[in-house]
Amino acid sequence: MAEVEARNISISYGSFKALQELNLKISHGEFLVLLGPSGCGKSTLLNAVAGLQEISAGQIWISGRNVTWAEPKDRGIAMVFQSYALYPKMSVRENLSFGLRVSGMPKEEIARRVSRAAETLQLSAMLDRRPSELSGGQRQRVAIGRVLVRDAEVFLFDEPLSNLDAQLRVELRREIKRLHRTLRATSLYVTHDQVEALTLADRIAVMNKGKIEQIGSPAEIYERPSTRYVAAFIGSPAMNFLEGGIETVSGEPVFKWGDRSIPLQHYAFTDAGDQRSASFGIRPEHLVFGDRAAAQDFHGEFVIDMLEPMGSDTLAWCNAGSGQTIGLRAPSEMRLAEGDRIPIGISAKNASIFDAASGRRV
Ligand code: ATP
């Protein structure tokens, strides 16, 4: 079973702690994405699993073996980097087969593996070309192909799509997903792109300052972010936050900001729901407007400050009072105009509320 486990990993660069007592377990066949902003420690963790990074404390286990001190080549891993790192003077075929030739594998077996990988990645017609005769997307496919031809139990990806333009990124993302469906290799994938994380992952680990802030399925992370940090990082356009406080009115909790309040009877509190300063988070797609607004826990009229047409829909940024703004997605055919007053409804069950001091979900 190709499980990967990081046990209590700490990594320091001088006095700077890049990873702090981090624990992570990737199951056999799972596609786990490490997601977080630049500098949060994603690549450091990936490199530690690969054996390219010395660790200060803790252990790495792969397939039931403690590989903490094993050489990268003895870990049963194969890695795809952001820079394709292809040999410029070699053809695609030679690039794909290089590692196998060095290992002394019989020629027929090499040919079989190269042709199978080329077919999977739609490179069969390009085997005799050099990297300079390929597009960026094709080069990255060759880099993935080099991983495919090996007998790796674990695939590691370090931002493999970030050098590609937007359209190619979407295409190759789908190919990686298809590949994982076929091969079911245990995979660890680093990215700062939340869309890549949401579309590819079985589970996402959201990292913040050398720690895992939350780990869960894309749906869990999107629908029930455990901290404000995770809530703000995932979703485009980002979740709206209204800054205010939780109070008790007639024995029931409400969220108040300015002179407005949202009843919270239908909010699933994770703790006692005591009075406190809090941020009320609601995703743009969960704001209800028009006739259905009145049927929600809260409804009120808001003035549109600014419109951003996005093609199929339009983002409407509205004045929410007390100097705060909320954005909602409206179908473009609604023909909204800046300055319009529109009824907006909010259902507390779709909200995520965070304690203002700790940032944790309440
Ligand atoms: P990015 O997406 O930008 O690659 P990341 O989340 O992968 O970011 P890491 O590369 O893991 O981040 O780096 C984590 C932190 O450790 C960063 O603050 C970085 O500046 C620091 N760091 C990384 N390598 C070294 C080094 N060799 N010496 C000192 N600090 C380092």
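Residues numbered from 1 in each chain as written. Predicted model: local features only at pLDDT ≥ 70, side-chain atom pairs only at ≥ 80, totals over all residues. Heavy atoms only, no water.

Around the ligand, the neighbouring residues are Tyr13, Phe16, Ala18, Pro37, Ser38, Gly39, Cys40, Gly41, Lys42, Ser43, Thr44 and Glu159. Contact between the ligand and Thr44: an oxygen atom at 2.5 Å from a side-chain N or O atom of the residue. Between the ligand and Glu159 there is a distance of 3.3 Å, counted from an oxygen atom to a side-chain nitrogen or oxygen. Within the complex, 57% of the 640 Å² of free accessible area of the ligand lies under protein. Broken down by secondary-structure element, the contributors of at least two residues to the shell around the ligand are β2 (16-26) and α1 (42-50). Broken down by element, the shell around the ligand gets its largest block of residues, three residues, from α1. In terms of residue class, the shell around the ligand is built from five nonpolar, five polar and two charged. (Near = heavy atom within 4 Å. Polar contact = N/O pair within 3.5 Å; in protein donor to acceptor, adjacent residues only side chain to side chain. Areas by Shrake-Rupley, 256 points an atom, 1.4 Å probe, with all protein chains shown as cover. Helix = DSSP H or I, 4+ residues; strand = E, 2+ residues; numbered from the N terminus. Nonpolar A, V, L, I, M, F, W, Y, C, P; charged D, E, K, R; others polar.)

Our next topic: the pairing of strand β7 (residues 154-158). Counting buried positions along β7 yields five of five residues, so the element is predominantly enclosed. Here β7 shows a buried face lined by Val154, Leu156 and Asp158 and a second buried face lined by Phe155 and Phe157. Examined bridge by bridge, strand β6 (residues 77-80) and β7 share four bridges and lie parallel to one another. If you follow Met79 over to β7, its bridge partner there is Leu156. Note: β7 against strand β8 (residues 186-191), five bridges, orientation parallel. The residue of β8 that forms the bridge with Val154 is Thr186. Handedness of the crossover joining β7 and β8 through helix α5 (residues 166-183): right-handed. (Buried < 20%, exposed > 50% of the residue type's maximum accessible area, 1.4 Å probe, protein only. Pairing = 2+ DSSP bridges. Right-handed = clockwise from strand over helix to strand, strands pointing away.)

Spatial strand order, β13-β12-β11-β14-β20: five strands in an open sheet with antiparallel pairing. Sheet topology places β13 (260-263) and β20 (352-355) at the edges, where each strand pairs with a single neighbour. Within this sheet the neighbouring strands show an average axis-to-axis angle of 40°, counted without direction. Pairing of strand β11 (residues 240-249) with strand β14 (residues 276-282) involves seven bridges; the strand directions are antiparallel. What sits directly across from Phe241, in β14, is Gly281. (Axes fitted to C-alpha atoms, helices over the stretch in contact; angles between N-to-C directions.)

This part covers the side chain of His180. One can find His180 in helix α5. Given a relative accessible area of 9%, His180 falls into the buried group. Looking at His180, its side chain comes within polar contact range of the main-chain oxygen of Ala185, at 3.3 Å. Ignoring sequence-local partners within four residues, the contact set of His180 consists of Gly29, Glu30, Phe31, Ala185, Ser187 and Asp202. (Contact = heavy atoms within 4.5 Å.)

Between helix α2 (residues 92-102) and helix α3 (residues 107-120), the shortest axis-to-axis distance is 10 Å and the interhelical angle comes to 135°. One way to sum up the angle between α2 and α3 is to call them oblique. In this structure, α2 crosses over α3, and the sense of that crossing is right-handed. Between α2, through Arg93, Leu96, Ser97, Leu100 and Arg101, and α3, the contact on the second element is made entirely by Ile110, Arg113 and Val114. Per-class residue counts for the contact of α2 with α3 are four nonpolar, one polar and three charged. (Parallel < 35°, antiparallel > 145°, perpendicular 65-115°, else oblique. Left-handed = near helix turned anticlockwise from the far one by under 90°.)

Before going further, it helps to spend a moment on the environment of Gln275. When you line up the elements, Gln275 lands in the loop between β13 and β14. Taking relative accessible area as the criterion, Gln275 reaches 52% and is therefore assigned exposed. Looking at Gln275, its side chain comes within polar contact range of the side chain of Thr248, at 3.4 Å.

So, about the nonpolar core. Core analysis: the largest hydrophobic core is formed by 44 residues, its most contacted members being Phe31, Val142, Phe155, Ile176, Tyr189 and Ile204. It is helix α4 (residues 136-148) that provides the largest number of residues to this core, a total of five residues. Setting aside chain neighbours within four positions, we find Phe31 in contact with Phe157, Ile176, His180, Ser187, Tyr189, Leu200, Ala201, Asp202 and Arg203. (Core = buried A, V, L, I, M, F, W, Y, C linked by side-chain atoms within 4.5 Å.)

Here the focus is the domain arrangement of the protein. The domain boundaries assigned to the protein delineate domain 1 (4-226) and domain 2 (240-355). Relative placement of domain 1 and domain 2: their C-alpha centres are 40 Å apart. Where domain 1 abuts domain 2, roughly 440 Å² becomes buried across the two surfaces, and 40% of that area is made up of carbon and sulfur atoms. Counting across the domain 1 and domain 2 interface gives zero salt bridges. The interface formed by domain 1 and domain 2 includes two residue pairs in polar contact (both at pLDDT 80 or more). Of the residues that constitute the side of domain 1 that touches domain 2, the class distribution is two nonpolar, one polar and two charged. (Domains from an automatic or database assignment. Buried area = accessible area lost by both parts, 1.4 Å probe. Salt bridge = Lys/Arg side-chain N within 4 Å of Asp/Glu carboxyl O.)

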